[in-house]
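A look at the structure
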Amino acid sequence: MATEKTVSLSAEAKAVAARVGSLRDFLAYLGEHEQCVSWPDPVMPEPDIRNISVAAGNNVSTGPAVIFDKIRGYPGKRIAVNVHGSFGNLALLLGLPKTTPVRELFFEIIRRWGSDKPLLERVAPEKAPVNENRIDKNINLYDLLPLYRINANDGGFYIGKACVVSRDPLDPDNFGKQNVGIYRIQVMGPDTFTLLSIPAHDMGRQMLMAEQHGKPLKVSVMIGNHPAMPMFAATPVGYDESEFAYASQMMGAPLRLTTAVNGTDILADTEMVIEGELQLNQREVEGPFGEFPGSYSGVRKVPLFRVTGVSHRNNPIFENIYIGKGWTEHDTLIGLNTSAPIYAQLKKDFPEVAAVNALYQHGLTGIISVKNRFSGFAKSVAMRALGTPHGTMYLKNLILVDENVDPFDLNQVMWALSTRTRANDIIVIPNMPMVPIDPAAEVPGKGHRLIIDATSFMAPDNLGADPHLVDRPMGPEIDALMQRLSELQKGSV
Amino acid sequence: MKTICPRCESTGVTQMHAGMENDQVLWRVWHCKDCAYTWRDSEPAESIDPKVRPAWAQMKGVDFDSLRQVIPPAHKPT
């Protein structure tokens, strides 16, 4: 239920939100903070772009976005990767210093989560930058985009970070039911592509509806977007909630929308929009693709789309992502937005929940810190987490730690595991729903869940010998001392 | 030499695009109509040489109609 609440932002956050209206704006802003580089040398599409993308993403804290504009065989074309590949880049988007700890980024996202007043501006199509160029005939995706193979054994060239807009085939005028999601897209020909979704996802539901009822399903594939868009296109929001609205609310600044030729809403400042239509009941051989669990998905038959038109800005940027064995840009892009809704949903019923870290491979492992209300309480919280919309499919391994353990500090989590886990007190729940591409599934789509309660013991538990905790000094005084030591190390004092 | 698909070894392959540099063809992109593999002839051997590609990634002799459907079609295609 919308309450028209808006988020109150710091002056820095307001300045960023006002300034960043597109991918181009964000790349320029990142560059001013040493968080975006242009690769100076000519590169081959393979393996150079893959290798440089991996190298940029290896520095999870402050790895830069990378722009390629000397791609051999693609004169004049540009690619951007790793735009969301470091927490430093996400911090800058939120108007925070690029060294902001991940825990603080999580709480900034949480603080903005309660905002639910859509901030959307309409731009006439003839004034939208995305419409600077239009192609309706002789469409050739191989010529329009500097396509390349992301992982060595992918089945083809993938568009991995596009935000795909589609209308509900049975309720096409409903703005809220219009979906924006990130799905893997394999280019199959000059004007065809496959798009992989599953029935549990909004797009999968729409494909099923369209084919069941013989209705057209038109999509707009937006490439190179406002940086808030891919963060929220990948967030599990309700079916009738608009990802456009979420993205604008979280930024606290308007997003500019216009209408595509096929009638969907699109970002007016996006780099390129490929309009396509589902070829009802037609399938093509798709995959494999190096997916986020770090293994290749199999080869499958996947729905086929035909391109009906392409619009793009002058000198467009093909924004893409490296995804594969973690850590990758995929994990940074969606990690905080995976954690936040789980936290918000748990917090409603259990105010004792202190934080949720579901950064790991889309939440296949999650860590929840919670104050035990009574003995065994953390296990009940874990069960509730498994019943959240995202938890139903994704939360496979759950670790519960005390409220004074920072779930974003893995040294602290390991302390809790080392000193609080009783091997006969772990829970395995067999034959639960599971992400089909999880290689640890018993069969694709089914597998076991694991709950490790690493919270402190309470009566009537046997407390064991020596249960009294050391009161470790912490807080602002210790933070100030750490700062002082850091300055002494640099020789500045 | 006739170009074959590096994955299923079909001869049903089509050139999709050519990358140019100084008015010379630098590479070509190919697509297989049978297994839908797409490749660039400038790629490392691990992606485009059937002798170097891992055995699990090869599809010679595979019945493509038997592949798993992620979203099964509601009706027969018209």
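Position numbers for residues start from 1 in each chain and track the written sequence from start to end. Note on labels: chains are lettered from A, ligands numbered from 1, in written order. Under the rules for a predicted model, residues below a pLDDT of 70 receive no local features and side-chain atom pairs below 80 are neither given nor counted, while totals for whole chains, interfaces and linings still include all residues.

Okay, the overall build of chain B next. Secondary structure counts use DSSP, requiring at least four H or I residues in a row for a helix and at least two E residues in a row for a strand, with both numbered from the N terminus. Per the secondary structure count, chain B includes one helix and three strands. For chain B, the N- to C-terminal ordering of α and β elements is β-β-β-α. Atoms counted for the radius of gyration: C-alpha only. Globule rule: 2.2 Å times residue count to the power 0.38. The C-alpha atoms of chain B give a radius of gyration of 15 Å, which is well past the 12 Å a tight globule of 78 residues would have. Projected onto the principal axes, the alpha-carbon positions of chain B cover approximately 50 × 30 × 20 Å. With C-beta atoms placed from the backbone, a residue is labelled by how many other C-beta atoms lie within 10 Å of its own: buried for 20 or more, exposed for 12 or fewer, partly exposed between the two. Residues counted as buried form 31% of the 78 residues belonging to chain B. For chain B, restricting intrachain contacts to residue pairs at least 6 apart in sequence, the fraction spanning at least 24 positions comes to 41%. A pair of residues counts as a contact when their C-beta atoms, built from backbone coordinates, are separated by no more than 7 Å.

The next subject is unusual backbone geometry. Residue and element names in this part refer to chain A. Along the chain, E46 connects to P47 via a cis peptide bond; the corresponding omega equals -5 degrees. If you trace the backbone, P47 turns up in the loop between strand 1 (36-38) and helix 3 (48-58). A cis amide bond links G287 with the next residue in sequence, P288, at an omega value of -5 degrees. Within the fold, P288 resides in the loop between strand 14 (272-286) and strand 15 (300-312). Within the chain, Q361 stands out as a residue other than glycine whose phi angle is a positive 50 degrees. Following the sequence through the fold, Q361 ends up in the loop between strand 17 (353-360) and strand 18 (365-370). Here Q361 falls in the buried class, since 25 other C-beta atoms lie within 10 Å of it. Here the phi dihedral of H362 falls at roughly 60 degrees; this positive angle occurs in a residue that is not glycine.

Turning next to the interface of chain B and chain A. Each side of the interface is counted separately: chain B has 33 residues, and chain A has 39 residues. For the side of chain B that touches chain A, the secondary structure elements donating two or more residues are strand 1 (13-21), strand 2 (24-32), strand 3 (38-40) and helix 1 (45-48) of chain B. Take the side of chain B that touches chain A: its biggest share by element is five residues, from strand 1 of chain B. The class makeup of the residues in the side of chain B that touches chain A is 19 nonpolar, eight polar and six charged. Charged residues are taken to be Asp, Glu, Lys and Arg, nonpolar residues to be Ala, Val, Leu, Ile, Met, Phe, Trp, Tyr, Cys and Pro, and polar residues to be all remaining types, Gly included.

Our focus in this paragraph is the pairing of strand 8 (residues 179-182) of chain A. Residues and elements named next belong to chain A. The alternating pattern of strand 8 places N179 and G181 on one face and V180 and I182 on the opposite face, and all of these are buried. Taken together, the four bridges between strand 7 (residues 163-166) and strand 8 define a ladder with antiparallel strand orientation. Each residue of the ladder has a partner; that of V165, found in strand 8, is V180. Two strands pair if DSSP finds at least two bridges between them.

In this section: the confidence of the model for chain B. pLDDT expresses how confident the predictor is about each individual residue, on a scale running from 0 to 100. Here chain B averages 95 in pLDDT, while 97% of its residues score no lower than 70. For this predicted complex, the interface score ipTM comes out at 0.97, alongside a pTM of 0.94.

All names here are of chain A. Spatial strand order, 4-12-13: three strands in an open sheet with mixed pairing. Whereas interior strands pair on both sides, the edge strands pair on one side only; in this sheet they are strand 4 (120-122) and strand 13 (265-267). Taking each pair of neighbouring strands and ignoring which way they run, the sheet shows an average axis angle of 45 degrees. With three bridges connecting them, strand 4 and strand 12 (residues 255-259) associate as parallel partners. Along strand 12, the bridge assignment pairs R122 with L257. To get an axis, a line is fitted to the C-alpha atoms, and for a helix only the part in contact is used. The angle between two axes follows their N-to-C directions and goes from 0 to 180 degrees. With respect to the sheet, helix 9 (residues 243-251) is in contact with strand 4, strand 12 and strand 13, its orientation differing from that of strand 12 by roughly 155 degrees.

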